[in-house]
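Chain residues, written in single-letter form:
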Amino acid sequence: MTDAEALLAVRNVTKAFAIRGGLFKTRIGEMRAVDDVSLTIPAGTSYGLVGESGSGKTTLGKVILRLVEPTTGQILFEGKDLCQLTGDELQLQRAGMQMVFQNPYSSLDPRQSVKSTVAEPLVIFGRARGKELDDRVRSLIATVGLRDEHLYRFPHEFSGGQRQRIGIARALALEPKLLVLDEPTSALDVSVQSQILNLLLDLQQRLGLTYLFISHDLAVIRYVCDRVGVMYLGRIVEEAAVEELFARPQHPYTRSLLSAIPEPDPDHRFQPVEVNGEIGRLALDDRGCRFAPRCPFVMDRCRQIDPALEATGSAHLVACHLYSDGAVSN
Ligand SMILES: Nc1ncnc2c1ncn2[C@@H]1O[C@H](COP(=O)(O)OP(=O)(O)OP(=O)(O)O)[C@@H](O)[C@H]1O
Ligand SMILES: [Mg+2]
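Calculation rules
- Residues numbered from 1 in each chain as written.
- Chains lettered and ligands numbered in written order.
- Predicted model: local features only at pLDDT ≥ 70, side-chain atom pairs only at ≥ 80, totals over all residues.
- Heavy atoms only, no water.
- Pairing = 2+ DSSP bridges.
- Helix = DSSP H or I, 4+ residues; strand = E, 2+ residues; numbered from the N terminus.
- Salt bridge = Lys/Arg side-chain N within 4 Å of Asp/Glu carboxyl O.
- Buried < 20%, exposed > 50% of the residue type's maximum accessible area, 1.4 Å probe, protein only.
- Axes fitted to C-alpha atoms, helices over the stretch in contact; angles between N-to-C directions.
- Left-handed = near helix turned anticlockwise from the far one by under 90°.
- Contact = heavy atoms within 4.5 Å.
- Nonpolar A, V, L, I, M, F, W, Y, C, P; charged D, E, K, R; others polar.

J.: Tell me what's going on with the sheet that holds strand β1 (residues 6-21), and back it up with residues and numbers.
T.: The four strands are arranged β2-β1-β4-β5 in an open sheet whose pairing can be described as antiparallel. Of all the strands in the sheet, the pair left with one neighbour each is β2 (26-42) and β5 (80-81). Relative to β5, strand β4 (residues 72-77) runs antiparallel, the two being bridged by two bridges. Paired with Phe77 across the bridge in β5 is Lys80.

What follows is the structure in structure tokens.
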């Protein structure tokens with residue numbers, strides 16, 4: 001697949017933040033929240049991004065939507081480099097990609113009714129007014145499973161699941177092609193989680209949407225996504241089709257994530273891996289693999305050379321020296 005055929009192609013994107021310290025909060029260094037990440041999402045598919053807190057998932061989502069400017073790299077949406085667009089063209093492309101946030105409690109304006117929340121993007125972009133606007137808002141809230149009687153109510157009158165439905169209706173207002181869903185169900189009860197996940201799957205089918213689905217929960221990713229990228233300290237360390245990743249996880253970090261799922265598959269064949277310690281912070285002069293300090297299989301070269309993300313099977317990529325010479329299998 002070429003970049004032009006993919007709906008979204010992220011090419012070598014890095015986002016560095018300044019590290020500040022001392023009394024005057026002067027810049028004492030920088031950290032790369034996203035470090036040389038590339039990924040491709042074909043139209044109509046879901047790409048899951050998984051990784052523990054602080055691995056850079058949200059930053060990558062925001063960079064893709066240009067809510068945050070990348071330090072380097074390219075983001076191609078329908079083959080066009082977003083970073084090169086300005087003015088009307090940028091606005092048009094922006095409408096084509098929207099974000100749904102984790103917390104339906106804080107992502108909605110408490111003073112706005114459902115109607116004005118969902119109508120706002122249409123008004124700002126001048127897409128509809130009067131009766132047409134009214135009809136469009138009614139159709140959007142029906143699409144997400146809410147009713148006309150909800151239109152004039154305010155966010156505090158709704159449950160978490162209903163609020164997330166409002167957030168999704170708003171995100172759909174401009175008929176986007178790509179949704180970046182940042183932990184859309186993490187703040188919800190388990191029973192409500194599955195309703196929202198099913199709604200998202202249904203919407204994807206009906207509207208032909210493409211998803212970048214961010215979650216720290218591999219079971220959720222497995223339910224929703226076609227392909228999955230495992231992020232660790234700003235890097236994608238493994239990427240594969242979802243079922244392939246579950247059947248043959250390779251990177252020790254991926255294996256540790258799968259080992260931590262309370263009810264692993266009865267037919268899972270990989271050796272469980274336990275890692276200790278917390279995700280660290282990468283200093284600019286750090287060499288070697290960023291997982292080395294926590295890796296139970298660490299070798300000398302892991303501390304010296306940063307492993308590249310390379311194919312180990314058909315469309316299965318892993319960044320780990322255990323596999324770089326094909327010597328070890330799990
Ligand atoms: N605006 C910012 N300024 C400085 N550092 C930031 C900024 N935004 C994020 N970071 C840092 O970048 C790293 C990645 O953060 P990010 O929020 O992308 O992680 P995440 O994978 O989404 O985590 P979580 O699962 O907790 O949501 C963290 O170390 C965070 O502190
Ligand atoms: Mg996040």
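Picking up where we left off.
J.: Report on the pattern of salt bridges, specifying residues and quantitative values.
T.: A side chain with one charge can pair with a side chain of the opposite charge if their charged atoms come near. With the rule as written, the count across this model stands at 21 salt bridges. Note that Glu175 is salt-bridged to Arg136, the shortest N-O span being 3.6 Å. Here Arg136 lies in helix α4 (residues 130-143) and Glu175 lies in the loop between α5 (160-172) and β7 (178-182), a separation of 39 residues in the sequence. Exposure remark for Glu175: the relative accessible area of 58% places this residue in the exposed category. Between Asp148 and Arg138 there is a salt bridge whose closest N-O contact spans 3.1 Å.

J.: Before we move on, could you go through the packing of helix α3 (residues 114-124) against α4 and cite the residues and values that matter?
T.: Helices that pack against each other are described as a pair by the angle of their axes relative to one another and the distance between those axes. Between α3 and α4, the shortest axis-to-axis distance is 10 Å and the interhelical angle comes to 115°. Viewed along their axes, α3 and α4 form a crossing whose handedness is right-handed. Across the interface between the two elements, Val114, Lys115, Val118, Ala119, Leu122 and Val123 of α3 pack against Leu133, Asp134, Arg136, Val137, Leu140 and Ile141 of α4. A class-by-class count of the residues in the contact of α3 with α4 yields nine nonpolar, no polar and three charged.

These values are about where atoms sit, not about what they do.
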